[in-house]
Amino acid sequence: MTDYLKYAIDLVAVLLLALGIKGLSKVRSARGANQLAAVAMGLAVIGLLVNYVGVPTFNTQAWSWIVGGSIVGGVLGVITAQRVPMTSMPETVALFNGCGGMSSLLVALAAALEPIALDATGPVALVSIVVSVFVGSITFTGSIVAMAKLQGWLSTPPWMQSRLRHVVNIALAVAALVGAIEMVRTTGGATGLWLLVVASSLLGIGVTLPIGGADMPVVISLLNSYSGVAAAAAGFVVGSQLLVVAGAMVGAAGLILTQVMCNGMNRSLVSVLFGGALGASSSSSAGGGEYTNITSCSVEECALTLEAAERVIIVPGYGLAVAQAQHTLREVTRSLEAAGIDVTYAIHPVAGRMPGHMNVLLAEADVPYEQLKEMDVINPEFPATDVVLVLGANDVVNPQAKTDPNSPLYGMPVLDVQQARTVFVVKRGMSAGYSGIKNDLFDLANTSMVFGDAKKVLGDLLVELKDLGVGK
Amino acid sequence: MESSFVEFLWVLLLGSLLGLELIGKVPPTLHTPLMSGANAISGITVLAALTAIIKADGNPTLLVLGSVSLGFALFNVIGGFLVTDRMLAMFSRKPARKENR
């Protein structure tokens, strides 16, 4: 009887998980879908516990280890989720993801060390253990490196940017393969197992370390897909179909999401993974040259122009996220709106530190969702716009991407801000963007630079606007 | 094991196809929350960790590895769902607030 009950619970859980993933891809249903997936996860755990009720080994000792592990992991999870600032979202997702990979790795290790107790004997179980260890290790170390790089704790050592890294990584991959074969050959021999663990862990580091900060979100998304694969492999190890389904779903969905993100950045997955930083080799050859016609202006002039405007478009970028200026920006736009000025936000697909991250940051600062316009929607509106305020964005507003076929940026989708009457670019200095390429926009006659930290400039702008009586 | 292995392969295949189909067109707005939500779901290895503990029968290796694994997985699951909810709450609270004004 409990068999049927377990099957029923498992089926409902799978259904809810699928609906959860589906719902997460629509704005309207996303929050409910996330809660649905959480409920499904709870159901899956209950289903598993119900299935083992009455089994003699499911005793108080087992319970105490379950409760112990749950409390530590759960409490840390709750604290992390509540404390972490919205600007640190990419590294948080990386951290969580790494821990998921670690979990699969540990279960596979347990099965490799104690195969009889876990019924993980035979070739199928052995191969599943190998896959789970391999993918789990890469997911763990790769995610931790991604997190450390995004936090700025780690930078890429120079030799990692040279070709040498490919040699090292191939050597590590071969070592992992040797370990895997050795482990299968000796039906779970310890030498093969530990070689596999060490080599795949190092491989995870070696593959992730050379990848540039702006490409990191794609890597995290890919690693997220891997952690699904690791979970599915762990499902084979312990004989849980539910685990296999859920892992496979996340693995496949993660792959699609990775592809979608690559498309948004005009990057192929191959060039993200093996190309290293894009600017390093190309900045000197193409798109270089000096700036000849830079106009710098004061915050006061900027405020005067804004006061006279009817339509204003804000282009927020990475620099805004780094300066944490989204709240100050919201105050500025509030006073503009109060003065009857039409304000919208142009969101490039990869604005912020991760696709969709800018939307989260602006939503946190209380910007109405309807004011956020996606690139394809807003691009035709620039010619009819009086003032564009570019805040900490660079490559995504570079007209070169459309005008210069020799530019490395050529073909990347960009916002056509130069078509507006006046463009103000708020920037700390004349340094290049992530691509390391000169931005033709800065040289245009209708562009003025306002130098300074985004948060400071917006704060000053707010004061100037108040002095002018805007929005009173 | 062998007959159930084929069954498992079917499950793997169908699960992967389902995953490919589920996410067709995602607006960029939702990339971050979707990634974070899918990431929480991948913490479903809690099931594997629980199995290891329950089958341990006093075996210390299984108890310790299972319990640590459970901790990591739950950190992933609970943290992941909560942080996703925090992000999505910001998208959905706007209309409600406007009505209050």
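Student: Explain the overall build of chain A to me, please; I cannot follow it from the model alone.
Tutor: Counting its regular elements, chain A contains 19 helices and six strands. Burial status across chain A gives 54% buried among its 472 residues.

Student: Help me out: how do you make sense of unusual backbone geometry in this one?
Tutor: Most of the time, phi is negative for any residue but glycine, and the peptide bond is trans. All names here are of chain A. One non-glycine residue, aspartate 119, lies in positive phi territory at about 55°. By secondary structure assignment, the location of aspartate 119 is in the loop between helix H4 (89-113) and helix H5 (123-151). What makes aspartate 119 partly exposed here is the crowd of 15 C-beta atoms within 10 Å. Non-glycine residue glutamine 324 carries a positive phi angle of around 55°. Within the fold, glutamine 324 resides in the loop between helix H14 (318-323) and helix H15 (326-338).

Student: I keep staring at the environment of Leu209(A) and nothing clicks. Help me out?
Tutor: Residue and element names in this part refer to chain A. With respect to the helices and strands, the residue leucine 209 is situated in the loop between helix H8 (190-208) and helix H9 (216-238). Leucine 209 gets classed as buried once you count the C-beta atoms within 10 Å, which come to 21. For the pair leucine 209 and alanine 148, spaced 61 residues apart in sequence, the C-alpha to C-alpha distance is 9.6 Å. Discounting residues that sit within four places of it in the chain, leucine 209 has contacts with Val145, Thr156 and Met160.

Student: Would you mind going over the nonpolar core with me for this structure?
Tutor: If you look at soluble globular proteins, the nonpolar side chains tend to sit buried side by side. In this structure, Val237(A), Val315(A), Val390(A) and Ile53(B) are the most contacted members of the largest nonpolar core, which totals 202 residues. Residue contributions to this core peak at 18 residues, all from helix H4 (residues 60-100) of chain B. Among residues more than four places away in sequence, those in contact with Val237(A) are Val107(A), Ala108(A), Ala111(A), Ala120(A), Ala125(A), Ser128(A), Ile129(A), Ser132(A) and Ala48(B).

Student: Quick question: what am I supposed to make of the interface of chain B and chain A here?
Tutor: How big an interface is tends to be stated in terms of accessible area lost as the parts join. Each partner contributes residues to the interface: chain B has 77 residues there, and chain A has 101 residues. Secondary structure elements with two or more residues in the side of chain B that touches chain A: helix H1 (2-22), helix H2 (31-42), helix H3 (46-54) and H4 of chain B. Here the residues of the side of chain B that touches chain A are counted per class, giving 47 nonpolar, 25 polar and five charged.

Student: Sorry, what's going on with the sheet that holds strand E1 (residues 311-316) of chain A here?
Tutor: Within a beta sheet, neighbouring strands are joined by backbone hydrogen bonds and run either parallel or antiparallel to one another. Residue and element names in this part refer to chain A. Strand order across the open sheet formed by six strands is E3-E2-E1-E4-E5-E6, with parallel pairing between neighbours. Only two strands of the sheet have a single neighbouring strand rather than two, namely strand E3 (372-374) and strand E6 (447-451). Ignoring which end each strand starts from, the neighbouring axes of this sheet average 25° apart. Inspection of the sheet shows strand E4 (residues 387-391) paired to strand E5 (residues 422-427) by five bridges, in the parallel sense. For valine 387, the partnering residue across the bridge sits in E5 and is threonine 422.

Student: What is the right way to read helix H13 (residues 299-308) of chain A from this model?
Tutor: An α-helix turns once per 3.6 residues; consequently, residues spaced three or four apart project the same way. All names here are of chain A. Residues of H13 that are buried: Val299, Cys302, Ala303 and Leu306. For H13, the buried positions fall inside an angular range of 100° around the axis, keeping them on one side. Looking at the buried positions of H13, the neighbouring elements they touch are E1, H15, E4, E5, E6 and helix H19 (454-467).

Student: Explain the confidence of the model for chain A here, please?
Tutor: Note that predicted coordinates carrying low pLDDT should not be read in detail. Taken over all residues, the pLDDT of chain A has a mean of 86, while the share at 70 or more is 94%. Note on residues 277-287 of chain A: pLDDT is under 50 here. Beyond four places in sequence and across chains, it has 22 contacts.

Student: Just checking my understanding: could you explain the packing of H4(A) against H9(A) for this structure?
Tutor: Packed helix pairs are characterised by how far apart their axes lie and by the angle those axes make with each other. Residue and element names in this part refer to chain A. Running from amino to carboxyl end, H4 crosses H9 at an angle of 25°, the nearest separation of the two axes being 9 Å. Relative to H9, H4 is oriented roughly parallel. In the crossing of H4 with H9, the sense of the turn from one axis to the other is left-handed.

Student: Quick question: what am I supposed to make of the domain arrangement of chain A here?
Tutor: Residue and element names in this part refer to chain A. Domain annotation of chain A identifies domain 1 (1-79), domain 2 (97-277) and domain 3 (299-467). Distance between the C-alpha centres of domain 1 and domain 2: 24 Å. Counting residues at the interface gives seven residues for domain 1 and five residues for domain 2. Here the residues of the side of domain 1 that touches domain 2 sort into six nonpolar, no polar and one charged.

Student: Honestly, the pairing of E4(A) in this entry has me stumped. Any pointers?
Tutor: Sheet faces and side chains relate simply in a regular strand, where the side chains alternate between the two faces. Residue and element names in this part refer to chain A. A large share of E4 lies buried, amounting to five of its five residues. Taking every second residue as pointing to the same face, both faces of E4 are buried, with Val387, Leu389 and Leu391 on one and Val388 and Val390 on the other. Here E1 pairs with E4 via five bridges, running parallel. Bridge pairing links valine 312 to valine 387 in E4.

Student: Help me understand the environment of Asn439(A) in this model?
Tutor: Residues and elements named next belong to chain A. With respect to the secondary-structure elements, asparagine 439 resides in the loop between E5 and E6. Its 25 C-beta neighbours within 10 Å are what place asparagine 439 among the buried residues. Separated by 194 residues in sequence, asparagine 439 and valine 245 have C-alpha atoms that sit 47 Å apart.

Student: Can you walk me through the confidence of the model for chain B in this structure?
Tutor: Residue and element names in this part refer to chain B. Here chain B averages 84 in pLDDT, while 87% of its residues score no lower than 70. The weakest mean pLDDT in chain B belongs to H4 at 82; the strongest belongs to H3 at 93. Scored below 50 in pLDDT, residues 94-101 makes two contacts in the model with residues more than four places away or belonging to other chains. For this predicted complex, the interface confidence comes out at an ipTM of 0.88, alongside a pTM of 0.82.

Rules of the game
Along each chain, residue indices are assigned from 1 in the same order as the chain's sequence is written. Chains carry letters from A onward and ligands carry numbers from 1 onward, assigned in written order. Under the rules for a predicted model, residues below a pLDDT of 70 receive no local features and side-chain atom pairs below 80 are neither given nor counted, while totals for whole chains, interfaces and linings still include all residues. Here a helix means four or more residues in a row that DSSP labels H or I, a strand means two or more in a row labelled E, and each is numbered from the N terminus. The burial label depends on the number of other C-beta atoms within 10 Å of a residue's C-beta. Counts of 20 or more mean buried, 12 or fewer mean exposed, and intermediate counts mean partly exposed, with C-beta atoms placed from the backbone. Residue pairs are scored as contacts if the distance between their C-beta atoms, which are placed from the backbone, is within 7 Å. Only buried Ala, Val, Leu, Ile, Met, Phe, Trp, Tyr and Cys residues enter a nonpolar core, and they are joined through C-beta atoms within 7 Å. Residue classes follow a fixed rule: Ala, Val, Leu, Ile, Met, Phe, Trp, Tyr, Cys and Pro count as nonpolar, while Asp, Glu, Lys and Arg count as charged, and any other residue, Gly among them, counts as polar. Strand pairing is defined by DSSP finding a minimum of two bridges between the two strands. An axis is simply a line fitted to the C-alpha atoms; with a helix, the fit covers only the stretch in contact. Between two such axes, the angle follows the N-to-C directions and lies from 0 to 180 degrees. The arc refers to the directions leading from the helix axis to the C-beta atoms. Values of pLDDT, which run from 0 to 100, indicate the predictor's confidence residue by residue. Oblique is the label for any angle not covered by the other classes, which are roughly parallel (under 35 degrees), roughly antiparallel (over 145) and roughly perpendicular (65 to 115). Crossing handedness is defined as follows: a turn of the near helix away from the far one that is anticlockwise and smaller than a right angle gives a left-handed crossing, while the clockwise case is right-handed. Segment limits for the domains were obtained from an automatic or database-derived domain assignment.

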